[in-house]
Amino acid sequence: MTLRLDYETLVESVIERAGREPRRPALVLVAEDDSEQTLTASQLLESAAAHACALRSVGLGPGDLVILVMRHSRELLSAFWGTLYLGAIPSIFPFLSEKLDPQLYMKQVRTLVAHSGARAVIALPEFIPMLTELLAGVDCRLLDSEHVAAGTGASSPPPSPPVSTEAVAFLQHSSGSTGLQKGVALSHRAVLNQVRSYSRAIALDESDVIVSWLPLYHDMGLIACCVMPIVAGVRLVLISPFHWVREPGVLFRAVQRHGGTLSWLPNFAYNHCARNVRERDLEGVDLRPWRVINCSEPVRYDSHRLFLERFGPAGLRETALGSCYAMAEATFAVTASPVEGPPRVDWIQLPALQAERRAVPAAAEQPGAIPMTSSGTPIEGVEVAVVGDDGRRLPDRRLGEIVVRGDCLFSGYHRRPDLDAKAIRNGWYHTGDIGYRAGDELYVTGRQDDLIIVGGKNVHPNDLEAIANEVPGIHPGRAVAFGVPDGQLGTQAVVMVGELAEETGPEGRRRIESELRRRIARQTEITLADVLLVDARWLLKTSSGKIARGANREKYLRRPR
Amino acid sequence: MPLRQGGPRHAARRTPTMDTAEMRRRLREFICAELLRKPDYPLAHDEPLITGGLIDSFSLARIGVFVEEAFAVYLPDTELTVANMDTVDAMVACILKTRP
């Protein structure tokens, strides 16, 4: 059945569906004890309208930015859609994990509020005392999420005010450096264009059931596994990310229980599931109707095989594994592999790729041949090109920067016109990703800068290095962080090399390493896979005296062990 | 005892007599070899693993699977918290508490 997608704003779809099919289940939330809560189309609208009413009563209105500091819950979804209902702009902040230092986390909220000019923060009750202190003197309302949810519904909610389709619907905050977070502003039109094109590209249907454990502060979780299904009226089952991390089997049980047909997984999740799902989690599970789309970090051929071998016996079909290339700046998807894949695999010669920046076809058994998995072809309304340093388009199979333009691009970075000018040139968004095209297919090979992608999250090495520079015993300014491929985990592992400030014995080195690891974990949630403490003058520098990440990465990989 | 790579698919026979020192030793061996991938790492039993930045929260799932295979104790995922799993000592306490 064709989906109805001719809306002007996101909220219009929720209002229309609640009128047409009020009792149709819109989403199911799976709690940690596997109990479930179902929200129908009319309940979703009611709770959104009630949240809007509560926000309006404290003076908020259309165009106001509202930051949501809440856990994965019905209240978070209601607050997100309620903010939209009011014509205000929601933005979901990553949730505090057990590992992060709560005080540093709250300071990150304050930094974001100050930089973004947010008019309100809706936070869990336990965060209110600390945030009250931190936000003192800041012109921003601090609202207790439980009060917002409970103090509503008394009066009949107001109608949703008219909002232009060009107005900013919400901000997606790019992951990584929190202090310098970039708010990706997306208009209703861009998001609706994305929903229309991407749902066609993957042949999304009203009979589909999307099952997701992805966090909603990340584009894949928010767009593919929340906004798209809700706008399109496709059933959605949401699992808490923390739950899935600890017990990946919950995904398979939910797929079985709800007749799940579609999930999105970053590449590392293939490895996590293949290695840590218990046999009994698959008892009675039939994965034949299930499709999976691998996205958010480079698709690895080995992970793809591992996943298929592990879950093939439960019915998973090879043709059901798709791929996608996506970014928050394009709302989400840019390319998609064919519906009944699998994505094309291109065997190329690694030496030619490295030395000549060319993807020369090779036979699979040839020495030096590596498999590249295609990210698919551009979705409707989106153009993709690969350009050289001079900005000119490169021919097929030449490595260059991937640039994107189309009708689902972002409106700009919130309050950062300086970044806009750098990122968007002549209507093309410069992604910073490196890749090549072969015919219509796009292959992504890496990054132009030193960004490290760990489990789908972007990590800026300078953030990690700045923390290392403060650790006593490490020579300030002489630490370097980079990613190395980790085949076992199916993602990048983060390595830090630091020069010691003075000669240090084994006990001292151990103390420095512990302190470094602890600070990185508490401040960024990154776990360093390896720490190498070296004597002075180990690190290589560029001719301008800067520490060369790439050269030091090579030196680290080639060091004698 | 050599570490079993990947571990058996079936749960090991329950060994109620296994003392806590042995449990500690096997957990430590597993963590160093499989999670840190540094068999020689001098891990202390009270050394914070997750908050100390040695292993990430994805490793909790692996520890859950290992504990079930090695000690025949199923730790429900609600038990696989940072508080319960941050040190080898905490893990042993959690396993003993959960063991029927």
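Since this is a predicted model, take the numbers as computed values, not measurements.

This part covers the packing of aromatic side chains. Evaluation of the coordinates by the stated rule reveals 25 aromatic pairs over all chains. Chaining the aromatic ring pairs together yields one cluster made of A:Phe93, A:Phe95, A:Tyr105, A:Phe127 and A:Phe242. For the cation-ring pair, A:Arg280 lies above B:Tyr74, with the distance from its terminal atom to the ring centre recorded as 4.8 Å. Over the aromatic face of A:Trp538 sits the side chain of A:Lys555, whose NZ or CZ is 4.3 Å from the ring centroid.

Residue and element names in this part refer to chain A. Enumeration according to the criterion identifies four cavities of 30 Å³ or more in this entry. What the largest cavity holds in volume is close to 110 Å³. Taken together, Ser13, Val14, Arg17, Arg24, Pro25, Ala26, Ala41, Leu44, Pro229, Ile230, Gly233 and Val234 make up the lining of the largest cavity. Residue assignment for the lining of the largest cavity shows that the elements contributing at least two residues are helix H1 (10–20), strand E1 (25–30), helix H2 (41–57) and helix H8 (219–232).

All names here are of chain A. The three strands lie next to each other as E26-E27-E28, forming an open sheet whose pairing is mixed. A single partner strand is all that each edge strand has here, and the edge strands are strand E26 (474–486) and strand E28 (528–534). The sheet shows a mean angle of 20° between the axes of neighbouring strands, taken without regard to direction. In the sheet, strand E27 (residues 491–500) pairs with E28 via six bridges, with the strands oriented parallel. Paired with Val497 across the strands is Leu532, a residue of E28. Sheet strands touched by helix H16 (residues 506–524): E26, E27 and E28. Its angle to E28, the strand with the most contacts, is close to 140°.

Residues and elements named next belong to chain A. Two strands pair when backbone bridges link them, and E26 and E27 are joined in this way by nine bridges, in the antiparallel orientation. The residue of E27 that forms the bridge with Val480 is Val497. Hairpin connection, E26 to E27: the antiparallel pair is bridged by four residues, and Gly490 has positive phi, about 70°.

Here the focus is the interface of chain B and chain A. Facing the 29 residues of chain B at the interface are 31 residues of chain A. For the pair chain B and chain A, the summed buried area comes to about 2,500 Å², and 47% of that belongs to carbon and sulfur atoms. Its largest share of buried area at the contact with chain A, chain B owes to B:Arg37, B:Phe58 and B:Asp77, together 23% of the area lost on that side. The tally of links between chain B and chain A comes to six salt bridges. Two residues, A:Arg510 and B:Glu47, come together in a salt bridge whose shortest N-O distance is 3.6 Å. Our count for the chain B to chain A interface comes out at 14 residue pairs in polar contact (both at pLDDT 80 or more). Among the elements of the structure, helix H2 (59–71) and helix H3 (82–85) of chain B are those that each provide at least two residues to the side of chain B that touches chain A. Counting residues per element, the side of chain B that touches chain A draws most heavily on H2(B), which supplies six residues.

As a further point, take the side chain of A:Thr373. All names here are of chain A. Assignment of secondary structure puts Thr373 in strand E16 (residues 369–373). Thr373 sits in the buried class, given a relative accessible area of 7%. Look past the residues within four positions of Thr373 in its chain and what remains in contact with it is Val299, Arg300, Tyr301, Pro343, Arg344 and Tyr443.

Packing of helix H11 (residues 267–276) of chain A against H2(B) leaves a shortest axis separation of 10 Å and a crossing angle of 10°. Judged by the angle between their axes, H11(A) and H2(B) are roughly parallel. Of the two possible hands of crossing, H11(A) and H2(B) adopt the one that is left-handed. Facing H11(A), whose interface residues are A:His272, A:Arg275 and A:Asn276, H2(B) presents B:Ala61, B:Arg62 and B:Val65. Classifying every residue of the contact of H11(A) with H2(B) by side-chain character gives two nonpolar, two polar and two charged.

Because an α-helix completes one turn every 3.6 residues, residues spaced three or four positions apart along the sequence face the same direction. Residues and elements named next belong to chain A. Between its first and last C-alpha, helix H3 (residues 74–85) extends 16 Å over 12 residues, near the 16 Å set by a 1.5 Å rise per residue. When we look at burial in H3, the residues that qualify are Leu76, Leu77, Ser78, Ala79, Phe80, Trp81, Gly82, Thr83, Leu84 and Tyr85. Once H3 ends, the next one or two residues include Gly87, with phi positive near 85°.

Before going further, it helps to spend a moment on the domain arrangement of chain A. Residues and elements named next belong to chain A. Domain assignment breaks chain A into domain 1 (10–246), domain 2 (344–449) and domain 3 (451–558). Domain 1 and domain 2 are separated by 32 Å when their C-alpha centres are compared. Facing the 21 residues of domain 1 at the interface are 13 residues of domain 2. Carbon and sulfur atoms make up 56% of the area that domain 1 and domain 2 hide from each other, which totals about 1,300 Å². When the buried surface of domain 1 facing domain 2 is broken down by residue, Lys182, Ala185 and Ser197 rank first, second and third, together holding 29% of it. At the junction of domain 1 with domain 2, the criterion picks out one salt bridge. Glu380 is the salt-bridge partner of Arg200, the closest N and O atoms lying 2.8 Å from each other. In this structure, the connection of domain 1 to domain 2 is made through seven residue pairs in polar contact (both at pLDDT 80 or more). Looking at the side of domain 1 that touches domain 2, the elements that each hand over two or more residues are helix H4 (102–116), strand E7 (168–173), strand E8 (183–187) and helix H7 (188–201).

About the thresholds
Residues numbered from 1 in each chain as written. Chains lettered and ligands numbered in written order. Predicted model: local features only at pLDDT ≥ 70, side-chain atom pairs only at ≥ 80, totals over all residues. Heavy atoms only, no water. Phe/Tyr/Trp six-rings, centres within 6.5 Å; stacked < 30°, edge-to-face > 60°. Lys NZ or Arg CZ within 6 Å of the ring centre and 35° of its normal. 1 Å grid on protein atoms, 1.4 Å probe; cavity = no way out; pocket = protein on both sides within 12 Å on 5 of 7 lines; lining within 4 Å. Points joined across faces, edges and corners; volume = space filled by probe spheres on them. Helix = DSSP H or I, 4+ residues; strand = E, 2+ residues; numbered from the N terminus. Pairing = 2+ DSSP bridges. Axes fitted to C-alpha atoms, helices over the stretch in contact; angles between N-to-C directions. Contact = heavy atoms within 4.5 Å. Buried area = accessible area lost by both parts, 1.4 Å probe. Salt bridge = Lys/Arg side-chain N within 4 Å of Asp/Glu carboxyl O. Polar contact = N/O pair within 3.5 Å; in protein donor to acceptor, adjacent residues only side chain to side chain. Buried < 20%, exposed > 50% of the residue type's maximum accessible area, 1.4 Å probe, protein only. Parallel < 35°, antiparallel > 145°, perpendicular 65-115°, else oblique. Left-handed = near helix turned anticlockwise from the far one by under 90°. Nonpolar A, V, L, I, M, F, W, Y, C, P; charged D, E, K, R; others polar. Expected span 1.5 Å × (residues − 1). Domains from an automatic or database assignment.

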